[in-house]
Number of protein chains: 2
Amino acid sequence: MIRAAELIQRKRDGAELAPEEIGELILGYARGEVPDYQLAAFCMAVYFRGLSPRETYALTDAMIRSGDTIDLGGALGRKVVDKHSTGGVGDKTSLAVGPIVAACGVPFGKMSGRGLGHTGGTLDKLESIPGFRIELTLDEFVSQVRDVGLAIIGQTAELVPADKALYGLRDVTATVDQLSLIAASIMSKKIAAGAQAIVLDVKVGDGAFMKTLDDARRLAEAMLSLGEQAGRQVVCLLTDMEQPLGAAVGNALEVREARATVRGEGPPDFTQLVHDACLRLLTLSDLGIDEAEARRRVAEAVASGAAEATWCRWLEAQGGTADEDVLERAPVVRTVESPREGVVTRLGAIAVGNAALHLGAGRQTKSDTIDHAVGVVCLRKRGDGVERGETLAEVHARDDASAAEAVDAVLAAYELGDTPPPERRILIEVVS
Amino acid sequence: MIRAAELIQRKRDGAELAPEEIGELILGYARGEVPDYQLAAFCMAVYFRGLSPRETYALTDAMIRSGDTIDLGGALGRKVVDKHSTGGVGDKTSLAVGPIVAACGVPFGKMSGRGLGHTGGTLDKLESIPGFRIELTLDEFVSQVRDVGLAIIGQTAELVPADKALYGLRDVTATVDQLSLIAASIMSKKIAAGAQAIVLDVKVGDGAFMKTLDDARRLAEAMLSLGEQAGRQVVCLLTDMEQPLGAAVGNALEVREARATVRGEGPPDFTQLVHDACLRLLTLSDLGIDEAEARRRVAEAVASGAAEATWCRWLEAQGGTADEDVLERAPVVRTVESPREGVVTRLGAIAVGNAALHLGAGRQTKSDTIDHAVGVVCLRKRGDGVERGETLAEVHARDDASAAEAVDAVLAAYELGDTPPPERRILIEVVS
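None of these values were measured; they are calculated from a predicted model.

Participant: Which residues make up helix 6 (residues 93-103) of chain A, and what values do they have?
Facilitator: Working note: α-helix, 3.6 residues per turn, so residues spaced by three or four point in the same direction. Residues and elements named next belong to chain A. In terms of residue burial, helix 6 counts as a mostly covered element, since 10 of its 11 residues are buried. Taken together, the buried positions of helix 6 are occupied by Thr93, Ser94, Leu95, Ala96, Val97, Gly98, Pro99, Ile100, Val101 and Ala102. Phi turns positive, to about 90 degrees, at Gly105, one or two residues after helix 6.

Take a look at the structure:
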């Protein structure tokens, strides 16, 4: 008790704690010896004082040491890759990237979180597939990566338990949005889960944690450094989150869109991001190919149907079905019509995300259940022209009342003008 | 949960919360609906962002509303006075002030804390008197103030339970030393306990919470404002805590010194402070007398033996005995001798306090028990001349080993020079 209070006070007063001290606090917390309230005070002190690079690595390392780790490379005799996104509205990137990369012969093993956001996390999206099991044992996880080339599972209790506890605590104590804590949380999971090469998608803009390019760069650099210290290869893509990614925002809707993208029929911005992420993973892999060859192989996997075949094998291996018709559809679908002729100058990511949230696609509190069927499909995006009365978006709702509310909210998310806005590329920058 | 997290976040981001919002958080906490970890994060956010005067009053008010309040004035048909100190090394002021004021015919009713410090709090000092009961019921408290003119008791569970819980939490989360939280904690107890006129002794210097005169003034003004908003008369004395107050530091030792002071045989600095506090209380009381008359009556109560007689009645009323010989004495007493001829230029309050703490006179953790007999008696203070080999101080210890350690520590607390240091008065300033 005493010691924890002293460490909190030193952090509060701006001191740099020694790695052993950070370890003591975090491992003590994981063992239940340091109570929630002391960690809560510590996190708030960190919010104001920050963590040095050395402290951030010590935190990451302590969280990894709080549980088991997987040596995926050792188990498979192959270099395994992983991809993580800081999250945004309509972000279903991992669902599409996994099968494409696996179809190119690169093992892809990912542990994912649930997230408390506008729509569910990757796990919630996968759970909209009837029968899909997100809880594999570590052995099953390793076997599936070996046999199918691909597995995406939930964070198990054995891996980084300290991060799991700490994240839950941060969520209810207003200490989520601190760069070092975010970096350590993400990287502890990535490192413990065993991938040797990791592509990080750091989203920037209205709908992202990082509102500015500077913050996104700082987060990317912090994560890169943590990965390198742990002997992993890391590449960060800074990508646009000023508008929703792709068209679909909502769990089952996003699964459909991810699958469409895997077979080459996805929306252009999302398709580009998925291909960009895939080719980085391929160049980091043990295939030993350059960027041009990687780009060619990604296109080939999609065009040949190999990626979609891998998608089907993956879903079936994890207990789901490849039949798209089993995905639940919302009973009420309403269109959002353009009140004027013009061009979309802005489409607010947060506004669309909140509309989906209120439809039931996400969680406002940890105990909320998710309605997998509902959501928003943005058929027009920034830069698209529209006629008056033409459909801007669709609202998929549980009932008429929530549909009507969402239609108004989504309409308000659109700004229409007379001239196209400056072009904004989905991939802003690569940090490596 | 959600709502608390939102309030924490707004405070973290520098917003001013509405009084109802502060009330929701604090009363929710008192009811067990808002968990410790959220209040811990809130307190740390307050540490960095501060509280506005309106928020500080709302906090004080909510803590008062979390429990019962006493209308001492109404119960007695008299104006009841109280005195509180922010605490320091050797601070036994309340023990001497109570009997003197009561002997002057002014009812004195005080609820006191235990404190985690170099020596115990007022309650711990009183508990060094065999049989003394610090836990009276509220009815017994009121009756004793009426019948004996004086009662000092522990904080009951019925009064300001939110403060009790919050203080315990702050203590282990490095959020004690925040001015608004200190002011609200002190004033909620004072206001709930029912005294109409309150003298606050804000200590300044090495051995006090407030290290600078500016901080002490700000705390005094904050408490004054809280008292006035609650309709109480408040006077703040800013007093010196660069060296221990009086000579004795340690529980039973301080009780002896308080009694000596009540009969006019106390150390000069402590005697002056006690008389200053008493005369402020008398001028605030319903006696309707001015400062000169108050000073005369205080001197008279001491000189006539009336104050000591009240001391004896008080101790007996609360279950103790007036016989000084029952106070425990430490088995080992060692002298600290001056290594040179000269004058004391400095006597570090914290250093002496730590020596007493290590002897067992205080608590390092909440579960520590206090050794009432041990402590330090500083026979030479700042400005006093000494010969080489003359006694500077006495160490009262449980055993030889701890005595030897304390002798070294106390000697190191003394700085000796050739010329007297500038005079420093015990009463620095009055804020009212």
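Participant: How would you explain the interface of chain B and chain A if you had to name every residue and give the values?
Facilitator: Accessible area lost upon the coming together of the parts serves often as the stated size of an interface. Taken together, the contact between chain B and chain A spans 25 residues of the former and 26 residues of the latter. For the pair chain B and chain A, the summed buried surface comes to about 2000 Å²; carbon and sulfur atoms form 73% of the total. Of all residues in chain B, B:Arg12, B:Tyr37 and B:Phe48 bury the most surface against chain A, accounting for 33% of the area lost on that side. Across the chain B-chain A interface, the total number found is two salt bridges. Here A:Arg12 ties to B:Asp177 by a salt bridge, and the two come within 2.7 Å at their closest N and O atoms.

Participant: Got a sec to walk through the domain arrangement of chain A? Specific residues and values, please.
Facilitator: All names here are of chain A. Partitioning chain A into domains gives domain 1 (4-50), domain 2 (72-156 + 170-324) and domain 3 (328-417). Centre-to-centre separation of domain 1 and domain 2, based on C-alpha positions: 31 Å. Taken residue by residue, the interface counts six residues in domain 1 and seven residues in domain 2. Counting each side, the surface lost to burial between domain 1 and domain 2 is near 540 Å², with a carbon and sulfur contribution of 77%. Considering only the side of domain 1, the residues that lose the most area to domain 2 are Cys43, Met44 and Tyr47, jointly responsible for 66% of the buried surface there. Between domain 1 and domain 2 we count zero salt bridges in total. At the boundary of domain 1 with domain 2, the tally comes to zero residue pairs in polar contact (both at pLDDT 80 or more).

Participant: Before we move on, could you go through the sheet that holds strand 8 (residues 342-347) of chain A and cite the residues and values that matter?
Facilitator: Residues and elements named next belong to chain A. Strands sit in the order 10-8-12 across an open sheet of three strands; the sheet is antiparallel. Every interior strand has two partners, whereas the edge strands, strand 10 (385-386) and strand 12 (414-417), have only one. Two strands pair when backbone bridges link them, and strand 8 and strand 10 are joined in this way by two bridges, in the antiparallel orientation. Directly across from Val343, in strand 10, lies its bridge partner Gly385. In the packing of helix 17 (residues 400-413) onto the sheet, contacts are made with strand 8 and strand 12, and the angle to strand 12 comes to roughly 45 degrees.

Participant: Any chance you could break down the side chain of A:Asn251 for me, citing the residues and the numbers?
Facilitator: Summarising the element assignment, A:Asn251 is placed in helix 12 (residues 251-262). Setting aside anything within four residues of it in sequence, one finds A:Asn251 in contact with A:Gly120, A:Asp124, A:Lys125, A:Ser128, A:Ala361, A:Ile370, A:Asp371, A:His372 and A:Val374.

Participant: Can you explain helix 14 (residues 291-303) of chain B? Please cite residues and give values.
Facilitator: Residue and element names in this part refer to chain B. A rise of 1.5 Å per residue sets the reference length of helix 14, with its 13 residues, at 18 Å; its end C-alpha atoms lie 18 Å apart and thus fit the reference within 8%. The inward-facing, buried residues of helix 14 abut helix 6 (93-103), helix 12 (251-262), helix 13 (268-284) and helix 15 (306-317). Here helix 14 starts with a cap whose side-chain oxygen sits 3.3 Å from the backbone nitrogen of Ala292, and that cap is Asp290.

Participant: How would you sum up the environment of A:Pro19? Please name residues and give values.
Facilitator: Residue and element names in this part refer to chain A. Mapping Pro19 onto the fold places it in helix 2 (residues 19-30). Expressed as a C-alpha distance, the spacing of Pro19 and Leu315, which sit 296 residues apart in the sequence, is 42 Å. Pro19 has contacts with Arg54 and Ala58, leaving out every residue within four places of it along the chain.

Participant: Describe the packing of aromatic side chains, and please don't skip the residues or the numbers.
Facilitator: Residue and element names in this part refer to chain A. Enumeration according to the criterion identifies seven aromatic pairs over all chains in this entry. Ring centres 5.6 Å apart and planes at 85 degrees place the aromatic pair Trp311 and Trp314 in the edge-to-face group. Placement of the pair is Trp311 and Trp314 together in helix 15 (residues 306-317), with a separation of three residues, close to one helical turn. On the basis of relative accessibility, which here comes to 0%, the residue Trp314 falls in the buried class. Looking at Lys92, its charged tip hangs above the ring of Phe270, at a distance of 5.2 Å from the centre.

Participant: Now, about the confidence of the model for chain A: what can you tell me, with residues and values included?
Facilitator: Summing up the model confidence of chain A, the mean pLDDT is 94 and the portion of residues at 70 or higher is 98%. Scored as a whole, the predicted complex attains pTM 0.85, and scored at its interfaces, ipTM 0.84.

Participant: Account for empty space enclosed by the protein, with residues named and values stated.
Facilitator: Residues and elements named next belong to chain B. With the rule as written, the count across this model stands at two cavities of 30 Å³ or more. As for the largest cavity, its lining consists of Ile129, Val255, Arg256, Arg259, Trp311, Leu315, Thr321, Ala322, Asp323, Glu324, Val326 and Leu327. Only helix 12 and helix 15 provide two or more residues apiece to the lining of the largest cavity. Here the element with the most residues in the lining of the largest cavity is helix 12; it accounts for three residues. In the lining of the largest cavity, the residues fall into seven nonpolar, one polar and four charged.

Participant: Tell me about the environment of A:Arg49, and please be specific about residues and values.
Facilitator: Within the secondary structure, A:Arg49 is located in helix 3 (residues 36-49). Look at A:Arg49 and you get partly exposed, because its relative accessible area is 44%. Distance from A:Arg49 to A:Leu27, taken between C-alpha atoms, is 21 Å for residues 22 residues apart in sequence. If sequence neighbours within four positions are ignored, A:Arg49 has contacts with A:Lys11, A:Arg12, A:Asp13, A:Gly14 and B:Phe48.

Participant: Describe the state of the cysteines, with residues and values.
Facilitator: Residues and elements named next belong to chain A. Enumeration according to the criterion identifies zero disulfides over all chains in this entry. This cysteine, Cys104, is not joined by any disulfide, and Cys278 carries the nearest cysteine sulfur, 6.9 Å off. With a relative accessible area of 11%, Cys104 lands in the buried category.

Conventions and cut-offs
Residues numbered from 1 in each chain as written. Chains lettered and ligands numbered in written order. Predicted model: local features only at pLDDT ≥ 70, side-chain atom pairs only at ≥ 80, totals over all residues. Heavy atoms only, no water. Buried < 20%, exposed > 50% of the residue type's maximum accessible area, 1.4 Å probe, protein only. Helix = DSSP H or I, 4+ residues; strand = E, 2+ residues; numbered from the N terminus. Contact = heavy atoms within 4.5 Å. Buried area = accessible area lost by both parts, 1.4 Å probe. Salt bridge = Lys/Arg side-chain N within 4 Å of Asp/Glu carboxyl O. Domains from an automatic or database assignment. Polar contact = N/O pair within 3.5 Å; in protein donor to acceptor, adjacent residues only side chain to side chain. Pairing = 2+ DSSP bridges. Axes fitted to C-alpha atoms, helices over the stretch in contact; angles between N-to-C directions. Expected span 1.5 Å × (residues − 1). Phe/Tyr/Trp six-rings, centres within 6.5 Å; stacked < 30°, edge-to-face > 60°. Lys NZ or Arg CZ within 6 Å of the ring centre and 35° of its normal. pLDDT = per-residue confidence, 0-100. 1 Å grid on protein atoms, 1.4 Å probe; cavity = no way out; pocket = protein on both sides within 12 Å on 5 of 7 lines; lining within 4 Å. Points joined across faces, edges and corners; volume = space filled by probe spheres on them. Nonpolar A, V, L, I, M, F, W, Y, C, P; charged D, E, K, R; others polar. Disulfide = S-S within 2.5 Å.

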